[in-house]
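# Close look at the chain arrangement
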Amino acid sequence: MTRSTRMSVTLATTLFAVSLLLVFPLSGQAAPVIDVITVDAVITPPIASYIESSISEAKASNAAALVILLDTPGGLDLAMRDIVKAIMASPVPVVVYVSPSGARAASAGAVISIAAHVAAMAPGTNIGAAHPVSIGAGKPDETMSRKVENDAAAYGISIARQTGRNAQWIERAIRKSESIPADEALKVGAIDYVADDLESLLAQIDGKHLKLSKGEIVLHTKNATINYKKMGARARVLKTITDPNIAYILLLVGLAGLYFEFSTPGVIIPGVVGGISLILAFFALQTLSVNFAGVLLIFLAVIFFVAEVLVVSHGALTIGGIISLVLGSLMLYDYPDASIRISLSVLIPTVTVISIFFVTIIFLAVKAQRRKPRTGSEGMIGMTGIALTAIAKTGRVLIQGEYWNAESALPIEEGKPVRVVALRGLVLTVEEINE
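In this report, the structure presented in the accompanying data block is examined. Being a predicted model, the structure only gives us computed values, none of them experimental. (Residues numbered from 1 in each chain as written. Predicted model: local features only at pLDDT ≥ 70, side-chain atom pairs only at ≥ 80, totals over all residues. Heavy atoms only, no water.)

## Focus: the sheet that holds strand S6 (residues 126-128)
Which entries qualify depends on this criterion: Any two strands are treated as partners once DSSP identifies two or more bridges connecting them. Put simply, DSSP H or I for four residues or longer makes a helix, DSSP E for two residues or longer makes a strand, and each gets a number counted from the N terminus. Convention adopted: a line fitted to C-alpha atoms gives each axis, helices being fitted over their contacting stretch, and angles between N-to-C directions are expressed from 0 to 180 degrees. Contact criterion: two residues are considered in contact whenever any of their non-hydrogen atoms come within 4.5 Å of each other.
Reading across from one edge, S4-S6-S7 is the order of the three strands in this open sheet, with mixed pairing throughout. Only two strands of the sheet have a single partner each, and these edge strands are strand S4 (104-106) and strand S7 (179-181). Taking each pair of neighbouring strands and ignoring which way they run, the sheet shows an average axis angle of 15°. Bridge analysis of S6 against S7 gives three bridges, and the strand direction is antiparallel. For Asn126, the partnering residue across the bridge sits in S7 and is Pro181. Each of S4 and S6 touches helix H4 (residues 108-115); the most contacted strand, S4, lies at about 100° to it.

This is the structure in structure tokens:
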């Protein structure tokens with residue numbers, strides 16, 4: 001092969017390789033991976049920890065983005081702020097997608113949405129109603145309410161300005177509790193996209209320029225591999241027990257279990273279950289910032305139930321306990337949003353069951369106290385038997401298969417039925433039963 005021929009072959013090979021690269025520019029490159037998590041609960045500290053850890057995991061796995069499928073009625077201010085800080089400091093693009101249809105990003109969820117690098121909604125969803133409310137300390141005065149509202153409005157406006165969204169709308173959502181559907185949210189600039197599903201959203205945001213904490217990047221989501229991530233066991237447990245309804249049930253189960261253990265020592269299982277339930281309830285109540293007047297009323301109800309066993313009140317303490325339990329349950333979460341209140345479908349059956357439980361225990365305890373003794377000297381009183389000998393002051397009787405020395409104020413003939421009226425030492429005082 002001549003030199004010119006070799007050069008021709010080399011040139012042809014090079015041109016062929018270049019043409020392949022032009023035709024298949026992405027060959028040999030891994031498709032981008034999008035991590036997807038679902039948040040469909042009240043915004044609480046465990047949810048904040050879950051989102052923070054998901055951002056860290058997305059960074060560690062070099063994910064192209066983290067998508068949060070959001071559906072929340074709102075939640076706690078501190079937890080919301082933790083999530084917002086984590087999103088805004090994230091080195092990985094965070095996409096908040098209010099989905100599926102029928103979902104909402106209310107209250108804290110609205111602020112989290114405007115803090116995202118990309119905010120999107122599915123048709124049939126809504127966002128807003130972000131007016132701040134206080135919990136656990138009763139109704140604040142007008143000055144304090146204004147301070148809280150101004151602080152929340154300033155916070156929302158600053159986030160909206162930083163993410164390039166409509167600051168005037170988020171101020172209305174905070175000050176006037178304005179809530180709008182997806183198409184209107186897109187029109188006013190509260191969100192970036194409306195997408196029917198996740199695949200449609202990823203197609204729309206491909207190539208979008210984003211400003212992250214580490215600098216500007218271009219979002220690559222085309223032909224991405226979607227990595228749906230499930231909540232871990234620890235996060236699921238914390239999410240479950242911090243549900244207001246579950247926390248309430250745990251509190252009542254804990255109090256009932258300890259009451260049963262103390263009233264019937266040695267059973268063990270009610271005490272173990274009650275202790276664990278009470279500790280879990282205290283953890284949940286601490287994260288939910290409850291109204292402690294409600295907690296004290298529930299404890300007072302248990303004290304009334306216990307006192308009913310010790311004091312003859314003819315049911316007054318039991319009635320007081322039930323009233324205290326109902327009032328404490330209603331006051332436990334002093335929060336206007338139904339998402340952080342006890343559902344009536346949980347409250348009514350739970351109060352009914354707990355009240356029946358305590359009333360039954362009290363009834364059995366009182367019945368046991370009033371029951372005639374069946375053992376010892378008191379248990380002998382009222383028993384009947386037969387006179388084995390004639391009793392002229394003293395004699396012998398057969399009572400319950402046992403032979404006893406007996407005495408009587410009146411003579412009793414042999415073979416007559418007798419009844420025990422008293423016991424003195426080992427001598428029974430009996431009287432004849434007149435048929």
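Once the structure has been displayed, the description carries forward.
## Focus on the packing of H4 against helix H5 (residues 142-163)
Selection rule: For classification purposes, angles smaller than 35 degrees are called roughly parallel, those larger than 145 roughly antiparallel, those between 65 and 115 roughly perpendicular, and all remaining angles oblique.
In contact at an axis separation of 8 Å, H4 and H5 are set at 25° when each is read in the N-to-C sense. For the element pair H4 / H5, the angle class is roughly parallel. On H5, the residues that touch Val111, Ile114 and Ala115 of H4 are Tyr155, Gly156, Ile159, Ala160 and Thr163.

## Section: the pattern of salt bridges
Filter applied, for reference: When a carboxyl oxygen of Asp or Glu is within 4 Å of a side-chain nitrogen of Lys or Arg, the pair counts as a salt bridge. When accessible area is computed with a 1.4 Å probe and restricted to protein chains, residues below 20% of their type maximum are described as buried, those above 50% as exposed, and intermediate ones as partly exposed.
On inspection of all chains with the given rule, the structure shows 11 salt bridges. Ionic pairing is found between Arg424 and Glu407, a salt bridge with its closest N-O pair at 2.9 Å. Of this pair, Arg424 sits in strand S15 (residues 417-424) while Glu407 sits in strand S14 (residues 402-407), and the two are 17 residues apart along the sequence. Ionic pairing is found between Glu431 and Arg419, a salt bridge with its closest N-O pair at 3.1 Å. Here Glu431 is found in strand S16 (residues 427-432), whereas its partner Arg419 is found in strand S15, with 12 residues between them in sequence. Assessed through its relative accessible area of 33%, Glu431 is described here as partly exposed. With a relative accessible area of 29%, Arg419 lands in the partly exposed category. Here the residues in one salt-bridge network are Asp77, Arg81 and Asp151, joined through shared partners.

## Brief notes about the pairing of strand S12 (residues 384-387)
Regular strands show a simple pattern: their side chains alternate between the two faces of the sheet. Pairing analysis gives three bridges linking S12 to S15, with the strands arranged antiparallel. The residue bridging Gly385 from the neighbouring strand is Val418, located in S15. Bridge analysis of S12 against strand S13 (residues 394-399) gives three bridges, and the strand direction is antiparallel. Bridging across to S13, Gly385 finds its partner in Ile399. Linking two consecutive strands that pair antiparallel, namely S12 and S13, is a turn of six residues; a positive phi of about 75° is found at Lys393 within it.

## A short note on the packing of aromatic side chains
Each aromatic ring pair is specified by the distance between its two centres and by the angle formed by the two planes. Going by this rule: Classification of ring pairs rests on two measures: the distance between centres of Phe, Tyr or Trp rings, Trp counted by its six-membered ring, which must be within 6.5 Å, and the angle between planes, read as stacked under 30 degrees, edge-to-face over 60 and tilted in between. Here, a charge over a ring is recorded when the distance from Lys NZ or Arg CZ to the ring centre is within 6 Å and its angle to the ring normal is within 35 degrees.
All told, the structure shown has zero aromatic pairs when counted by the stated rule. A cation over an aromatic ring shows up here: Arg81 above the ring of Tyr155, its NZ or CZ 4.1 Å from the ring centre.

## Here we look at the sheet that holds S15
Overall, mixed pairing links the five strands, which are arranged S12-S13-S14-S16-S15 in a closed barrel. Here the strands of the sheet are splayed against their neighbours by 55° on average, with no regard to which way each runs. Where S14 lies against S16, three bridges are found, and the strand directions are parallel. Bridge assignment links Asn405 to a residue of S16, and that residue is Val427.

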